[in-house]
Structures are given as structure tokens and as C-alpha cells.
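Chain by chain, the residues run as shown.
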Amino acid sequence: MEVVHVELGARRYPIYVGAGCLSELGTRLGEMGCGVRMAVVTNSTVAGHYLEPALVSLRRAGFDPATIQIPDGEEHKNLAMLSRIYDQLIEAGIERSGALVALGGGVVGDLTGFAAATYLRGVACVQVPTTLLAQVDSSIGGKTGVNHVLGKNLIGAFSQPRFVLADVETLRTLPPRELTAGLAEVIKYGVILDAPLFALLEDRIADVQALDRELLVEVVRRCCAIKASVVSADETESGLRAVLNFGHTVGHGIESITGYTRYLHGEAVAIGMVAAARVSRQLGLCGEPDVERVRSVLARCGLPTEVPAELRGEALARAMRADKKARAGAIKFVCLETIGTTRFERLSPEDIVKYL
Ligand code: NAD
Ligand code: GLY
């Protein structure tokens, strides 16, 4: 098993990455030290695959786990579901010393992380991500929260987990479309900060999609190491962490105007990354060959790379202007310089749309 650390002083925590390491959940929680009575939060889909192995591991290590199962779907990442989780934590007798284990994708992880940050003014949280997106991104870095009817992720808190345990074997049951969408975030890390990782992906993307075990551990570990170093340097996104938003300005805009139904997040980000590379090219910041490298590797995964004609123009500009990260009409846009290097530019939504 590989280990990388998020370096946050007293809140430093490990990210374990391995193949088959779910069975070590109980041991790792035991090392962390928490009350015997604790809870696993998961959803109905993930429970069918991984709840029993997680419970077996926890019981073997002496824990008395309660289980909280929520319905599957982004539409349940809201305050009503959070309230139901609190109800069940109280009924299960989870005390301040008890931990919450988030077993699932980003939805379960964000909800559970926020429940842990707020229940009894804060209990320990452990992330056990089971989607590629959650393993390389959402489980790391402490962004927790829920959606509001007026927008995604509008209610939440920065609250770091005590550890992350990413078992790449769980990706074998992930629907292929979800795996591919997660690959967009993997490719993003190469584009923004790790040219050798990008080159490895160009070379072996088919093997990653075929779930080559050793390669997956290596790729997930490298992505986790990049995210860990960014979060270690800028926990609350006052500067550098915004580099992770590469491709997300246009991506979020597309998700918003299509009502979050047409594209998975990673698919919209794939379109957004090519758009960001093209905007950078128009600004004279990067060359056409790099734009083509980004587009080509995403396309080879089967990801979309073009903003559909009907979504271009004013509607997209309006959606980007409404993004919670836009300030005074200007967006801190992540531009590409070369593969592995980016820079921020303040751009208006109109400029971005014009350069697409
Ligand atoms: P998800 O949690 O909805 O999971 C996708 C689907 O895969 C679901 O149907 C889920 O039940 C299923 N699934 C999960 N693991 C599985 C497995 N191993 N086998 C079979 N099916 C499995 O989606 P996601 O892409 O993991 O996460 C998206 C969420 O993450 C969004 O709410 C987004 O806002 C959030 N997010 C948060 C951060 C952060 O920093 N906190 C970063 C990026 C995204
Ligand atoms: N997913 C972006 C971040 O964690 O900052």
C-alpha cells in the first residue's frame, strides 16, 4: 500500500492508496484512535458492494459500527438528507469520540464530511472513496457540504478528514461512464502540474481504463500526491488551490445551463479543459500542439471535448457570471502555458465565450 500525506501541521493526515486495502479499514481506524461506537455512512448502491467488507473489517478491529444508508444520487446531497443523518447518528448513540466513515463517491463524502464537521460540534471523519473522482479529488482537502436549491455546494465547511483510504479494487464495479468521467480529473492533474503524469496517460490511457491494477495504484497515488501538495500549500483556496479549477469555469457553466442532467461533472470538465486551452491559445499563452495534446487524450478516453453549438454565447456567459467564484464580473481563469504549467488570468465571461 502507498501512503502520501496532506501536510497541515497538527491536522496532518495520510492518504492510503492500494489494491484490496478496504480490508484494512478497521486496523487504520484503530491506529487513529476513536470510540468503539462509530458509524459508516454509505448509499444504497455502494452498500451492495462494499458495506459488508467494511463492517467485517471494523468489527474485527473491535469497533461497533452503526450503518446509515442514504439513497443514491446528487439530488439527495441537501439539508434534508443531512438532517436525517443527524437523526440517525443521535439514535445510534454516536458520541464525540465516535468517527464517521464515508463509504462511497463524492456525494456520500461531501455529505458525511459536513455531518462530521457539525454533529456535536465536530467528530472525526474518515473518507473511503469508491469512485475515481472521489479517490483523486473530493475525498482529499476537506471541502464538505451540501447543495442549496439556488446552487451547488453553497452550504458547507472546510473540515479535513483524519485519513483517506482509497482501494482501487472498488473501481471494478464502477459504471464505465463514471470511471471515464473521473479520468478527466486525473488528466487535469497532469495538465496543470505534472507533465510526466500527462505523458504516462497519453501512453497508457487504455490500460488505465482497463483497470490495470499496478498502473491504477500508481496513477491514483500520483494524483493524490498532487492534490495533497496543493491543499498543504493553500487549504482554504486563497491562492494556489484555485489551479484545481482548470477547466471548471466553462465546465460548471455547461453543467448549469444543461440542468446537471446532460453531462457528468468530469465530462463537463473535459469540455472545459479544452475550452481553457483554446482560450489560452487565443491569448498567446500556449501553443496549438499543447491544445491538441489535451484534446486528443480526452477524446481517446471517450470524453466530450467540444462545447455544443447550442450552448455557446450569452447563456454560457451568464452561467459563468453567476458562478460563486466570479468576482465583480471577472473570473480568475486558469490558463495553460505548457503541459504541466498554468497561470491565472482575470477574464470576463464575455472574453471567455469569445475565445472558445
Ligand atoms: P457520486 O458520489 O454520485 O457517485 C457516482 C455514482 O457511482 C453513484 O451512483 C454511486 O452510487 C456510484 N458508485 C460509487 N462508487 C461505486 C462503486 N465502487 N461501484 C459502483 N457504483 C459506485 O459521484 P462522484 O462523481 O463520486 O462525486 C460527485 C460529487 O462530488 C458532487 O456532489 C461534487 O459536488 C462533489 N465533489 C466534491 C469535491 C470536494 O472537493 N469536496 C470535489 C469534486 C467533486
Ligand atoms: N475540487 C477542487 C478542490 O478541492 O479545491
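Residues numbered from 1 in each chain as written. Chains lettered and ligands numbered in written order. Predicted model: local features only at pLDDT ≥ 70, side-chain atom pairs only at ≥ 80, totals over all residues. Heavy atoms only, no water.

Chemist: Tell me about the pairing of strand β1 (residues 2-6), and name the residues and values.
Modeler: Two faces, one strand: in a regular strand the side chains alternate between the faces of the sheet. Across five bridges, β1 lies against strand β2 (residues 13-18) in antiparallel orientation. Looking at the pairing, H5 lines up with P14 of β2. Linkage of β1 to β2, two consecutive antiparallel strands, is achieved through a turn of six residues, within which G9 is found at a positive phi near 60°. (Pairing = 2+ DSSP bridges. Helix = DSSP H or I, 4+ residues; strand = E, 2+ residues; numbered from the N terminus.)

Chemist: Can you lay out the side chain of Q127 for me, pointing to particular residues and giving the numbers?
Modeler: Along the polypeptide, Q127 turns up in strand β6 (residues 124-129). The contact partners of Q127, leaving out residues within four places of it in the chain, are A102, G109, G113, S139, P161, F163, V164 and L165. (Contact = heavy atoms within 4.5 Å.)

Chemist: Please give an account of helix α2 (residues 44-60) that cites residues and values.
Modeler: In a regular helix each residue adds 1.5 Å, so 17 residues correspond to 24 Å; α2 covers 23 Å between its end C-alpha atoms and thus fits that length. Of all the bends found along α2, the most pronounced is centred on Y50 and spans about 60°, while P53, a proline, follows it within four residues. For α2, the complete set of buried residues consists of V46, A47, Y50, L51, A54, L55, S57 and L58. Here the buried face of α2 lies against α1 (25-32), β3 (37-43), β4 (64-70) and β5 (99-104). Where α2 begins, the capping side chain belongs to N43, and its oxygen is found 3.0 Å from the backbone nitrogen of T45. Positive phi shows up at G62, right after α2, with a value of about 95°. (Expected span 1.5 Å × (residues − 1). Bend = angle between axes of the 7 residues up to and from the residue. Buried < 20%, exposed > 50% of the residue type's maximum accessible area, 1.4 Å probe, protein only. Polar contact = N/O pair within 3.5 Å; in protein donor to acceptor, adjacent residues only side chain to side chain.)

Chemist: Hey, could you go over the pairing of β4 for me, with residue numbers and the actual values?
Modeler: Where β3 and β4 come together, seven bridges link them in parallel fashion. Paired with V40 across the bridge in β4 is T67.

Chemist: Please provide a residue-by-residue account of empty space enclosed by the protein, values included.
Modeler: In the structure shown here, the tally under the stated rule is two cavities of 30 Å³ or more. Of the volumes computed, that of the largest cavity is approximately 50 Å³. Lining the largest cavity are G109, D110, Q127, S138, S139, G142, K143, T144, S159 and P161. Among the elements of the structure, α4 (106-118) and β7 (143-148) are those that each provide at least two residues to the lining of the largest cavity. For the lining of the largest cavity, the class distribution of residues is one nonpolar, seven polar and two charged. By volume, the second largest cavity is sized at about 40 Å³. Lining the second largest cavity, in full, are I271, V274, A275, R278, T305, E306, V307, R312 and L356. For the lining of the second largest cavity, the class distribution of residues is five nonpolar, one polar and three charged. (1 Å grid on protein atoms, 1.4 Å probe; cavity = no way out; pocket = protein on both sides within 12 Å on 5 of 7 lines; lining within 4 Å. Points joined across faces, edges and corners; volume = space filled by probe spheres on them. Nonpolar A, V, L, I, M, F, W, Y, C, P; charged D, E, K, R; others polar.)

Chemist: Describe in detail the pattern of salt bridges, supporting the description with residues and values.
Modeler: Within this structure, the stated rule accounts for 31 salt bridges. E202 is the partner of R293 in a salt bridge, and the nearest nitrogen-oxygen pair spans 2.6 Å. One end of the pair, R293, is in helix α11 (residues 288-301); the other, E202, is in helix α7 (residues 195-209), and 91 residues separate them in sequence. Given a relative accessible area of 22%, E202 falls into the partly exposed group. (Salt bridge = Lys/Arg side-chain N within 4 Å of Asp/Glu carboxyl O.)

Chemist: Provide a residue-level description of the nonpolar core, including the pertinent values.
Modeler: I15 and I187 are the most contacted members of the largest nonpolar core, which has 77 residues in total. Sorting elements by how many residues they give to this core places helix α8 (residues 213-233) first, with eleven residues. The contact partners of I187, leaving out residues within four places of it in the chain, are F198, L201, I205, V297, L298 and C301. Core analysis: the second largest hydrophobic core is formed by 24 residues, V40, Y50, L58 and F63 among them. (Core = buried A, V, L, I, M, F, W, Y, C linked by side-chain atoms within 4.5 Å.)

Chemist: Talk me through unusual backbone geometry; I want residue IDs and the actual numbers.
Modeler: Excluding glycine, residues mostly have negative phi values, and the peptide bonds linking residues are mostly trans. Of note in this structure, L120 is not a glycine but carries a positive phi near 55°. Although it is not a glycine, L211 adopts a positive phi angle of roughly 60°. Tracing the backbone shows L211 in the loop between α7 and α8. The class for L211 is buried, based on a relative accessible area of 13%.

Chemist: Quick rundown of the environment of V136? Include the residues and the values.
Modeler: Following the sequence through the fold, V136 ends up in helix α5 (residues 132-138). Owing to a relative accessible area of 0%, V136 belongs among the buried residues under this scheme. With sequence-adjacent residues up to four places away left out, V136 is seen in contact with E185, V186, Y189, V220, C223, C224 and K227.

Fair warning: the whole summary comes from geometry, so function is off the table for now.
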